[in-house]
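# Topology and contacts: notes
Each chain, letter by letter, is given below.
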Amino acid sequence: MKISKSSAQQIVEEIGKLVRQNINLMDETGHIIASNDPARVGNFHAGAYRIIQNHLTEYYITPELEAELPNVRRGINLPIEVDGEVQGVIGITGDYSEVIKYGQIVKKMAEILIRERLALDNRQLDQRVRSRFLEDWILGSGLSNPQSLSERGFALGIDIRSPRRCIVTSARNREEFTGSLEGQLVLEQVEGLVSARVQEQGGIILRNAARQILLLRRQETEALEALCREISQTVQARLGVSMIFGIDSASSDVHSAYLQANRAWRTSAYSDSTITCFESLNTELLLDDLSRGSKLEYLRKIFRGCTAEEVADHVELLEVFFAAEGSLQKAAQQLFIHKNTMQYRLKRLAEDTGLDVRKPSQAPSLYLAMLLYLDLSRGDDDLGF
């Protein structure tokens, strides 16, 4: 039978709930691949095999045959035909007078369910083929054979030579959603809203690690930013979920564009920005080139002698200070503290680190420390301070 065993079992259970009889589903070799009685799965069913071999329209297992043949029980067995071919046999356990009344109904029901399941399996197979191609193309694993990649794309109706722009997007703090079924359902709704809007523009979408990689026709960055803002507002209004976006800088090939958009997206993840463009990144470009060990070593050097709580407080202060572009008044308002308290906290930061964020020559070191801390803390609650 062309459908999977799991799909066959689901069909058996659905029919069994309606007719309240034991149902068996046998493949073209006569073996039971699904049953309300798990102990029978895998057994050879002689009655089903006879239907297939002799092209019978039905075969009833009488009490005499039940005693004679192994692994069978009294009941009616009927061929399942889909698209003019016998795909298998369905069996209903019970006395003839009891099961013949709805035998043909069960047969038709099984054929409809199998036809639907086959169509679903084919769609899922097509989606897997498409996703594998997009992974090879966008993520770069298939670039070693560009001719093959181009041919695969052509078969899927995708011209890899067309100029495109790349956006990487996800829910902010997506890790909070992936740990529960409810959260995953929310992510599916988010992805549905994003997909619907991107498909209106003829875009291509790859779902990867709870984020979406979007390929759109070549256009100005301002247009992509407008699209991201529109999607963000829609998702926020309908689902109450905040989004983050990373946009490439119009690279010449899709893989490079993805790498740029992904870096920009990662920057949005540990900043207050909803949308980050690769072309606006400066210090942030260093993050992916540094090992985790190097990042930790730098942080421990900057925040030497500080406890984990003190480091977290200092980083929070730095986030607000840099977001306020160095304005003590704006930063103090953001933190709901007096300006004098803000100055006191900055003085403590300088005493703990030996660096004064208000001095242009020392601020970059603290800015980098803030970025490294935010980057690392996204995947590790304990940084060893």
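Structure report, in brief. (Residues numbered from 1 in each chain as written. Predicted model: local features only at pLDDT ≥ 70, side-chain atom pairs only at ≥ 80, totals over all residues. Heavy atoms only, no water.)

## Side note on the sheet that holds strand E8 (residues 211-217)
Strand pairing in a sheet takes place through backbone hydrogen bonds and is either antiparallel or parallel in direction. Threshold: Note: two strands are recorded as paired if DSSP finds a minimum of 2 bridges between them. Put simply, DSSP marks the helices as runs of H or I at least four residues long and the strands as runs of E at least two long, and each gets a number from the N terminus on. In this description, a line fitted to the C-alpha atoms serves as the axis of each element, helices being fitted only across the stretch in contact, and the angle between N-to-C directions of two axes falls anywhere from 0 to 180 degrees. Any two residues having at least one pair of non-hydrogen atoms within 4.5 Å are treated as being in contact.
The mixed open sheet is built from five strands, whose spatial order is E7-E8-E6-E9-E10. The open sheet terminates on both sides in strands that have one partner only, identified here as strand E7 (204-208) and strand E10 (275-277). Across the sheet, the mean angle separating the axes of adjacent strands is 20 degrees when strand polarity is ignored. Across the face of the sheet, helix H8 (residues 181-200) comes into contact with strand E6 (164-171), E7, E8 and strand E9 (243-247) while running at roughly 5 degrees to E8. Its contacts with the sheet put helix H9 (residues 221-239) on E6, E8, E9 and E10, and the angle it makes with E9 is roughly 165 degrees.

## Quick look at the environment of Gln-147
On the secondary structure map, Gln-147 appears in helix H6 (residues 146-155). In sequence terms Gln-147 and Arg-348 are 201 residues apart; their C-alpha atoms lie 60 Å from each other.

## Some details on the pairing of strand E1 (residues 23-26)
The cut-off we apply is this: With a 1.4 Å probe rolled over the protein chains alone, any residue whose accessible area is under 20% of its type maximum counts as buried; one over 50% counts as exposed, and the rest are partly exposed.
Residues Ile-23 and Leu-25 of E1 are buried on one face, and the alternating residues Asn-24 and Met-26, pointing to the opposite face, are buried as well. Direction of pairing for E1 relative to strand E5 (residues 85-93): antiparallel, over a ladder of four bridges. Considered in E5, the bridge of Ile-23 is made with Ile-92. In this sheet, strand E2 (residues 32-35) lies alongside E1 in antiparallel orientation, the contact comprising three bridges. Residue Met-26 lies in a different strand from E2, and its bridge partner there is Ile-32. Where E1 hands over to E2, the hairpin turn is made up of five residues, of which Gly-30 adopts a positive phi near 90 degrees.

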